[in-house]
Amino acid sequence: TAAPEIADDIISVGEFFAGSGGVTHAMENIPGMKVKWVLNHDKTALRTNIFHHKDIKHYWADIYAQDEHEMEPVDLLWASIECTQHSKAKGGKEKNTGSYMMGYELVRYFKHLMPMVAGIENVPEFKKWSPLDKKGNPDKTKLGQEFENWKSIICSLGYSYTESIRNAADDGIPTRRVRYFAFFIRNDVNIDAFWPEHTHNKAGTDGKKK
């Protein structure tokens, strides 16, 4: 199913892993954006989201169980894939295989929704996503191979890829949270991707604020 073209300068948005609505609220406050639907499995989080965003369609569903064909194609898809199984805070503990491999579940949604742009957010360790060994642990001899395979599969659907690892403090936000951000951009749309220059650094040098 082909995604709709932008009509009347309104960019339609769909959001996976919506939670209580932080990203939903941010998207709704960007001029020209309209969130059409969100999906989340947690009842309490979704009820909170509904309370603040009553005019948005809400899917109370597990991403593994939702039928993608029921969902309206959108221009922009946002997916903050579960990071717990990729985070270094998880340490050497055995991985939850379903959560660790969750990125692949997005592929079937891509095939149906075919958004013009899809944004992904996660911890930087997501790029080390690797095949699991027989004990359920990432194979340290194949670091990043699963990530590259996942990225290649989505690009094979007709997308280009760009990424940036960003420390929030370098963008002027009062926290040292480091995150991986990426965008898949459909090849048949005329969109130039760029990442904004950092405005801050730790020492306040090179013309940047401290």
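Going by the structure above, here's the rest.
Okay, so let's go over this structure. Please read these numbers as outputs of a predicted model, since none were measured by experiment.

With respect to the layout of surface pockets
Step number 1: Of the pockets and cavities examined, the largest pocket occupies roughly 560 Å³.
Step number 2: Looking at the largest pocket, it is lined by 25 residues, and the ones nearest its centre are Met33, Leu76, Trp78, Val117 and Phe183.
Step number 3: For the lining of the largest pocket, the secondary structure elements donating two or more residues are helix H1 (22-28), strand E4 (76-79), strand E5 (117-122) and strand E7 (178-186).
Step number 4: A per-element tally of the lining of the largest pocket places H1 first, with four residues.

Notes on the side chain of Arg179
Step number 1: One can find Arg179 in strand E7.
Step number 2: Of note is the side chain of Arg179, whose polar atom sits 3.4 Å from the side chain of Glu121.

Here's the deal with helix H5 (residues 145-155)
Step number 1: By the burial criterion, the buried members of H5 are Glu146, Phe147, Trp150, Lys151 and Ile154. Take H5 and look down its axis: the buried residues cluster within an arc of 135 degrees, on one side only.
Step number 2: Looking at the packing, one finds that the buried side of H5 touches helix H4 (106-113), E5, strand E6 (159-167) and E7.

Examining the sheet that holds strand E2 (residues 33-40)
Step number 1: Read across the open sheet, the seven strands follow the order E3-E2-E1-E4-E5-E7-E6; overall the sheet is mixed. The sheet is open, and its two borders are formed by strand E3 (57-60) and E6, each paired with just one other strand. For this sheet, the mean inter-axis angle between neighbouring strands, taken without regard to orientation, is 15 degrees.
Step number 2: Across six bridges, E5 lies against E7 in antiparallel orientation. Across the sheet, Val117 pairs through a bridge with Ile185, a residue of E7.

Considering the pairing of strand E1 (residues 11-16)
Step number 1: Within E1, five of the six residues are buried, leaving the element largely enclosed by the surrounding structure.
Step number 2: Bridge analysis of E1 against E2 gives five bridges, and the strand direction is parallel. Residue pairing for E2: Val13 is matched across the bridge by Val35.
Step number 3: Handedness of the β-α-β unit built from E1, H1 and E2 comes out right-handed.
Step number 4: Pairing geometry for E1 and E4, over four bridges, is parallel. Its bridge partner lying in E4, Val13 is registered against Leu76.

A few points about the packing of aromatic side chains
Step number 1: Overall, the coordinates contain 18 aromatic pairs when judged by the stated rule.
Step number 2: On the numbers, 5.5 Å between centres and 55 degrees between planes, the contact of Phe126 with Tyr180 is tilted. Placement of Phe126 in the loop between E5 and H5 and of Tyr180 in strand E7 is noted, with a sequence separation of 54 residues between them. For the pair Phe126 and Tyr180, a shared accessibility class is recorded, and that class is buried.
Step number 3: Through successive ring pairs, a cluster of aromatic residues spans Tyr104, Phe110, Phe126, Trp129, Phe147, Trp150, Tyr159, Tyr161, Tyr180 and Phe184.
Step number 4: When the ring centre of Phe51 is taken as origin, the NZ or CZ atom of Lys54, which lies over that ring, is 4.5 Å away.

Analysis parameters
- Residues numbered from 1 in each chain as written.
- Predicted model: local features only at pLDDT ≥ 70, side-chain atom pairs only at ≥ 80, totals over all residues.
- Heavy atoms only, no water.
- 1 Å grid on protein atoms, 1.4 Å probe; cavity = no way out; pocket = protein on both sides within 12 Å on 5 of 7 lines; lining within 4 Å.
- Points joined across faces, edges and corners; volume = space filled by probe spheres on them.
- Helix = DSSP H or I, 4+ residues; strand = E, 2+ residues; numbered from the N terminus.
- Polar contact = N/O pair within 3.5 Å; in protein donor to acceptor, adjacent residues only side chain to side chain.
- Buried < 20%, exposed > 50% of the residue type's maximum accessible area, 1.4 Å probe, protein only.
- Arc of directions from axis to C-beta.
- Contact = heavy atoms within 4.5 Å.
- Pairing = 2+ DSSP bridges.
- Axes fitted to C-alpha atoms, helices over the stretch in contact; angles between N-to-C directions.
- Right-handed = clockwise from strand over helix to strand, strands pointing away.
- Phe/Tyr/Trp six-rings, centres within 6.5 Å; stacked < 30°, edge-to-face > 60°.
- Lys NZ or Arg CZ within 6 Å of the ring centre and 35° of its normal.

Taken by themselves, the reported measurements are silent on function.
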